[in-house]
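Spelled out, the chains give:
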Amino acid sequence: MSDVTLLHNPRCSTSRAAADAIRTAGVDAEVVQYLKQSLDADQLRDLLGRLEDEPTDLVRRDAAFAELGLTDADVATADQVVAVLVEYPRLMQRPVLIKGDRAIIGRPKDRVPAFLAD
């Protein structure tokens, strides 16, 4: 069993930096490319239960978010976050690191080494 799970988008430089930090730390990790292996509603609820960040922080507020006509009011609760991310997995913030009963969004990049060492 891996020490850490990395929810990863290889096209994202911050996500690649997290993968590099994991390798540098010598930590055994399972890498899940969440755009290829989308999380279902139960997996997202489990993730939110472990997340040290606010549930709404798991949703990217990028151009796609705006193009979909979404607003902060659409992702204000954990249930709304789950619904949006099930429908639009590309809106999930990345990278996400999971270790035991804890999870973080790996932004800014300096959060990752501290999380791995903890």
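Summarised in this report is the structure supplied together with it. Computed from a predicted structure; not experimentally measured. Residue numbers restart at each chain and count upward from 1, following the sequence in its written direction. Reporting of local features is limited, given that this is a predicted model, to residues whose pLDDT is at least 70; pairs of side-chain atoms are given and counted only at 80 or more, and all residues count toward the totals for whole chains, interfaces and linings. The side-chain values count all of the structure's non-hydrogen atoms but skip hydrogen atoms and water molecules.

## Examining the side chain of Arg 94
Quick reminder of the rule: Strands here are runs of E lasting at least two residues and helices are runs of H or I lasting at least four, both read from the DSSP assignment and numbered beginning at the N terminus. Accessibility here uses a 1.4 Å probe with only protein chains present; expressed as a share of the type maximum, an area under 20% marks a residue as buried, one over 50% as exposed, and anything in between as partly exposed. In this tally, Asp and Glu contribute negative charge and Lys and Arg positive charge; neither His nor the terminal groups of the chain are included. Salt bridges, as used here, are contacts in which a Lys or Arg side-chain nitrogen is within 4 Å of a carboxyl oxygen on Asp or Glu. The contact criterion used throughout is that any non-hydrogen atoms of two residues lie within 4.5 Å.
For Arg 94, the position within the fold is in the loop between α4 (78–87) and β3 (96–99). Within the buried set, Arg 94 has no salt-bridge partner at all; the shortest N-O distance to an opposite charge, 5.4 Å, is to Asp 62. Contact partners of Arg 94, with chain neighbours within four places excluded, come to Leu 7, Asn 9, Cys 12, Ser 15, Tyr 34, Arg 60 and Arg 107.

## Examining the sheet that holds strand β4 (residues 102–105)
This is how the line gets drawn: By definition, two strands form a pair when at least two bridges between them are found by DSSP. Every axis corresponds to a line fitted to the C-alpha atoms, with the helix fit spanning only the stretch in contact, and the corresponding angles, defined between N-to-C directions, vary from 0 to 180 degrees.
Read from one edge of the open sheet, four strands run β2-β1-β3-β4, paired in mixed fashion. Single-partner strands in this sheet number two, and they are β2 (29–33) and β4. On average, adjacent strands in this sheet sit at an angle of 15° to one another, irrespective of strand direction. The pairing of strand β1 (residues 4–8) with β2 spans five bridges and is classified as parallel. Each bridged residue has a counterpart across the sheet, and for Leu 7 the counterpart in β2 is Val 32. In the packing of helix α1 (residues 13–25) onto the sheet, contacts are made with β1, β2 and β3, and the angle to β1 comes to roughly 160°.

## Examining the layout of surface pockets
Convention followed: A 1.4 Å probe that fits into a set of points on a 1 Å grid over the protein atoms alone but cannot get out defines a cavity; an open set with protein on both sides within 12 Å along at least five of seven lines defines a pocket, and lining residues are those with an atom within 4 Å of a point. Grid points are joined across faces, edges and corners, and a volume is the space filled by probe spheres set on the points. Each residue receives one of three labels: charged for Asp, Glu, Lys and Arg, nonpolar for Ala, Val, Leu, Ile, Met, Phe, Trp, Tyr, Cys and Pro, and polar for the others, Gly being one of them.
Considering only enclosed or pocket space, the largest pocket measures out at about 380 Å³ in volume. Around the largest pocket sit 18 residues that line it, and Thr 5, Leu 7, Glu 30, Asp 46 and Ile 98 are the ones nearest its centre. When contributions to the lining of the largest pocket are tallied by element, the ones reaching two or more residues are β1, β2, α2 (41–50) and β3. Per element, the largest residue contribution to the lining of the largest pocket is four residues, and it comes from α2. Counted by class, the lining of the largest pocket contains seven nonpolar, six polar and five charged residues.

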